Amino acid sequence: MKLYISSDMEGVAGVCSWEQVDARTPHPEYAIYRKYYTHEVCSAIEGARAAGVGDVLVNDSHGPMRNLVLDDIPADVRVLFGNRKPYSMVQDADPSFGGAFFVGYHGAIGDADAVLCHTYTPSVIYDVSINGVRCSEATLNAALLGHVGVPVLLVTGDRTTVEGVREQMPWVQGVVVKESIGTFAATSLTPAAAQRAIRDGARAAIENAPAAKPFRFDSPVQLEITLAKTEQADLVEMIPGFARMGPRAVRFEHVDYPVVFRAFVATWRLGALA
Amino acid sequence: MTMKVFISCDMEGTAGVCSWNQVDPSNAHEYPTYRRYMTQEVRAAIEGAREGGATDILVNDSHWSMHNLLFDELGADDGLRILSGAPKPRSMGQGLDGSFNGVFLTGYHAKAGDSAALAHTMTDLVYSVSVNGTPCSEALIFAALAGSYGVPVLLVTGDRTIVTEIAQFLPWAVGVAVKDSVGYTAVNSLTPKAAQDAIRAGAREAMARTGDAKPFTFDPPYELIVETAGVEHADMIELMPEFRRVGTRAVRFAANDYRTLLRAFIVATRIGAAANPRA
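Residues numbered from 1 in each chain as written. Chains lettered and ligands numbered in written order. Predicted model: local features only at pLDDT ≥ 70, side-chain atom pairs only at ≥ 80, totals over all residues.

Q: What should I look at first to understand the sheet that holds strand 8 (residues 174-181) of chain B in this one?
A: Whenever strands of a sheet pair, they do so through backbone hydrogen bonds, lying parallel or antiparallel. All names here are of chain B. One open sheet holds the 7 strands; their spatial order is 3-2-1-4-7-8-9, and the pairing between them is mixed. The sheet is open, and its two borders are formed by strand 3 (80-83) and strand 9 (187-189), each paired with just one other strand. Sheet twist, expressed as the mean angle between neighbouring strand axes with direction ignored, is 20°. With 3 bridges joining them, strand 8 and strand 9 adopt antiparallel strand pairing. Across the sheet, D180 pairs through a bridge with N188, a residue of strand 9. The strands that helix 3 (residues 138-148) touches are strand 1 (4-9), strand 4 (102-108) and strand 7 (153-159); relative to strand 4, the one it contacts most, it runs at about 165°. Helix 4 (residues 160-169) contacts strand 4, strand 7 and strand 8 of the sheet and is inclined by roughly 145° relative to strand 8. (Pairing = 2+ DSSP bridges. Helix = DSSP H or I, 4+ residues; strand = E, 2+ residues; numbered from the N terminus. Axes fitted to C-alpha atoms, helices over the stretch in contact; angles between N-to-C directions. Contact = placed C-beta atoms within 7 Å.)

Dropping the structure here:
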């Protein structure tokens, strides 16, 4: 069995502030938390391997997408490194994978009690929904994996994130590494305890794989986005096929989910230039 | 009888301009001088249009952040409106509609790839752009937008390269070449005063040609090919629906409606800037 891992950083045990996960303005805190992040990913790999997984692809999906401390990663996994991938956090998902893990994930923008909650680009995306369902990064990414028939098996992060995913995908094994108190505080497991829990959860997730289902949206897919600012909507409205629904709201519809996913990526890339 | 003229004014084709420093609003040394010359050339075009019978004039400030014109230099004119600011969905062609009798393009410049002063097309990430196989300058792209409303271009001012190019497509338009380019950052130019006189006379003559001038259009369906400077720019543009990658540094967009095509081109030039290799 081949496993896809999309790893983010805000949902790592102990993380409660942007400094800890800010790779762009090198902060001493980042160096510490990227280790914890790497080790949570390693734990997920160990658990999966204990349950029989062979090939593993890890898509480093946080910030500039080159955070993993490669020295600490098992020698025989493949790592997807670097930014500006058209499918971003789920680049290179294809039907050859038996399942996917979301490690270190976080709540959707607007969630209560969700440390560092955001959806891709918080300065641009105020809210996003598909077919009327409010989406987190986990939802958006799960649907792209689902489009190629790959089910999500494991999610790790704070309780809000895990419960949010399990509400939409009840077959997903959840590992809660912290309880968020608002947006910038959390009661967390220690990194060592979180890593143990992730290892156990990963093994259980692989064992439960036969019960998991690919998550999909019905076609045609309707994407509705509320932007943070009107000037962003001014630009985003120009994307072919987009309709302006309000001063800060746009809508796009397409039969093909990958087209919708890329249109969403184009939205926050373009909106960030406003 | 109303006679409405639309003026899209750019800056690189202003007399004396030969360097980005002169046209960069953040340059406190040179820009203030050349912004005044730009304004004075626009005023000359307005005066010539008035002498030729124009009753209403809309000037779309079309350079950089699009608020360059010095209002004090434009004179009191009840029939004059100024469109300032950016971004605008139709950019240099914002405000155009079928109510206009003609279009002036002032201060325009050669397209990316031409051997001419400050030659470019919209942004640095555009290596070339073509519509239906025809390589396009900004002037041609917006002439076709005017054409989509049945409005002809009457006047083009700028360096000789763009004036000569436009004469091939729009032989009825008056061209005023205020300078000859000597490569990318040098020009052999008229003085601002002489350029303004020539533009005023050209504008007056252009108004007299409204009867002969024809709207410029491409034939539908329309095909846009944008070649980008870097692979990373095409990566960004390709994210958008309906754009197709046709080369490592090339994207294609097709439409039955020219205004849809123009909008796609404008947004392509914008999203390409998201390809910041340092992020």
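Q: Mind showing me how you'd approach the domain arrangement of chain B here?
A: Often, the extent of an interface is quoted as the loss of accessible area on bringing the components together. Residue and element names in this part refer to chain B. We note that the domain assignment places domain 1 (4-111 + 137-208) and domain 2 (222-274) within chain B. Computed over C-alpha atoms, the centres of domain 1 and domain 2 are 26 Å apart. Of the residues assigned to the side of domain 1 that touches domain 2, the class counts are 4 nonpolar, 2 polar and 1 charged. (Domains from an automatic or database assignment. Nonpolar A, V, L, I, M, F, W, Y, C, P; charged D, E, K, R; others polar.)

Q: Any chance you could explain the interface of chain B and chain A here in plain terms?
A: Contacts between chain B and chain A engage 18 residues on the former and 20 residues on the latter. Among the elements of the structure, helix 6 (231-238) and helix 7 (258-271) of chain B are those that each provide at least two residues to the side of chain B that touches chain A. Looking at which element gives the most residues to the side of chain B that touches chain A, the answer is helix 7 of chain B, with 6 residues. In terms of residue class, the side of chain B that touches chain A is built from 14 nonpolar, no polar and 4 charged.

Q: Sorry if this is basic, but what is going on with unusual backbone geometry here?
A: A negative phi holds for most residues other than glycine; trans holds for most peptide bonds. A cis geometry characterises the amide bond from A86 of chain B onward to P87 of chain B, with omega recorded as 0°. Structurally, P87 of chain B is set in the loop between strand 3 and strand 4. Put simply, P220 of chain B and P221 of chain B share a cis peptide bond, and its omega is -5°. Position of P221 of chain B relative to the elements: it lies in the loop between helix 5 (192-208) and strand 10 (222-228). Of note, the phi angle at D113 of chain A is positive, near 50°, even though the residue is not glycine. Positionally, D113 of chain A belongs in the loop between strand 4 (99-105) and strand 5 (125-130).

Q: Sorry if this is basic, but what is going on with the pairing of strand 5 of chain A here?
A: Within a regular strand, side chains alternate between the sheet's two faces. All names here are of chain A. In terms of strand pairing, strand 5 meets strand 10 (residues 221-227) through 5 bridges, oriented antiparallel. Counterpart to V128 in the pairing with strand 10 is I225. Both strand 5 and strand 6 (residues 133-134) contribute to a ladder of 2 bridges, which runs antiparallel. Its bridge partner being in strand 6, I130 is matched across the sheet by V133. Connecting strand 5 to the antiparallel partner strand 6 that follows it, the hairpin turn spans 2 residues, and N131 within it adopts a positive phi of roughly 50°.

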